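Residues per chain are reported as follows:
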Amino acid sequence: QVQLVESGGDLVQAGGSLRLFCAASGSIFGINTMGWYRQAPGKLRELVALITSGGSTNYADSVKGRFTISRDNAKNTVHLQMNSLKPEDTAIYYCKLDLGWRGNYWGQGTQVTVSS
């Protein structure tokens, strides 16, 4: 089976920075696409950023220029560097691993709160 463990969520003031971490373990073969999603109260879960096995990245328009996704293939980890944080970024952030025909696997979520 596959397990994802997330960490790094915290309370931060507007304009500050935060770095999220996600470690994958279990029955994983090769390098796979991974991503970060978030869900605010009363809203649907939305894509924040993703990174492919080849290192290509995509970002939601709302975070372009402020967030950076990266990965360490040797350690099976993915990171999300968040700068210039806004109150609108407040949400639970989830890590996702795409295993193709085996489906998608999700972390437990980590809370990010940005104060005014």
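Since the model is a prediction, treat every value here as computed from it, not as a measurement.

Would you mind going over empty space enclosed by the protein in detail, with residue names and values included?
Within the structure shown, the criterion is met by one cavity of 30 Å³ or more. The space that makes up the largest cavity amounts to roughly 80 Å³. Residue lining of the largest cavity: Ala24, Ile28, Gly30, Ile31, Asn32, Met34, Arg71, Asp72, Asn73, Asn76, Thr77 and Leu97, and that is the complete set. Its residues assigned to classes, the lining of the largest cavity comprises five nonpolar, five polar and two charged.

Please give an account of the pairing of strand 4 (residues 34-39) that cites residues and values.
Counted residue by residue, strand 4 has five buried out of six residues, so it is predominantly covered. Bridge count for strand 4 against strand 5 (residues 46-51) is five bridges, and the pairing is antiparallel. Note on strand 5: the bridge partner recorded for Trp36 is Ala49. Counting the residues in the hairpin turn of strand 4 and strand 5 gives six residues, including Gly42, whose phi is positive at 80°. In this sheet, strand 9 (residues 91-98) lies alongside strand 4 in antiparallel orientation, the contact comprising six bridges. What sits directly across from Gln39, in strand 9, is Ile92.

Provide a residue-level description of the pattern of salt bridges, including the pertinent values.
All told, the structure shown has four salt bridges when counted by the stated rule. Close ionic contact of Arg38 with Asp89 constitutes a salt bridge, the shortest N to O distance being 3.0 Å. Placement of Arg38 in strand 4 and of Asp89 in the loop between strand 8 (77-82) and strand 9 is noted, with a sequence separation of 51 residues between them. Note on accessibility: Arg38 and Asp89 belong to one class, buried. One salt bridge connects Arg66 with Asp89, and the closest N-O pair in it is separated by 2.8 Å. You can see Arg66 sitting in the loop between strand 6 (57-59) and strand 7 (67-72) and its partner Asp89 sitting in the loop between strand 8 and strand 9, a full 23 residues away along the chain. By the burial criterion, Arg66 is buried, and Asp89 matches it. One network of salt bridges, with partners in common, ties together Arg38, Glu46, Arg66 and Asp89.

Run through the sheet that holds strand 3 (residues 18-26), naming residues and quoting values.
With antiparallel pairing, four strands are arranged side by side in an open sheet as 1-3-8-7. The sheet is open, and its two borders are formed by strand 1 (2-7) and strand 7, each paired with just one other strand. Between one strand and the next, the sheet's axes are offset by a mean angle of 15°, whatever the strand orientation. Bridge count between strand 7 and strand 8: six bridges; the pairing is antiparallel. Of the residues in strand 8, the one forming a bridge with Phe67 is Met82.

Definitions and limits used
- Sequence order as written defines residue numbering, which begins from 1 separately in each chain.
- Local features in this predicted model are restricted to residues whose pLDDT is 70 or higher, and side-chain atom pairs enter the listing and the counts only when it is 80 or higher, whereas totals over whole chains, interfaces and linings include all residues.
- Heavy atoms from the whole structure form the basis of all side-chain values; hydrogens and water molecules are not counted.
- The definitions used throughout rest on a 1 Å grid laid over the protein atoms alone, on which a cavity is an enclosed set of points accommodating a 1.4 Å probe that cannot get out and a pocket is an open set flanked by protein within 12 Å on both sides along at least five of seven lines; lining residues are those having an atom within 4 Å of a point.
- Grid points are joined across faces, edges and corners, and a volume is the space filled by probe spheres set on the points.
- Here the nonpolar group is Ala, Val, Leu, Ile, Met, Phe, Trp, Tyr, Cys and Pro; Asp, Glu, Lys and Arg are the charged ones; every other residue, Gly included, is treated as polar.
- Burial status follows relative accessibility: with a 1.4 Å probe on protein chains alone, a residue under 20% of its type maximum counts as buried, one over 50% as exposed, and anything between as partly exposed.
- Each helix corresponds to a stretch of at least 4 residues labelled H or I by DSSP, and each strand to a stretch of at least 2 residues labelled E; elements are numbered beginning at the N terminus.
- In this description, strands pair whenever DSSP reports at least two bridges between them.
- We count a salt bridge whenever a side-chain nitrogen from Lys or Arg sits within 4 Å of a carboxyl oxygen from Asp or Glu.
- Note on geometry: axes are lines fitted to C-alpha atoms, helical ones only across the stretch in contact, with angles between N-to-C directions running from 0 to 180 degrees.

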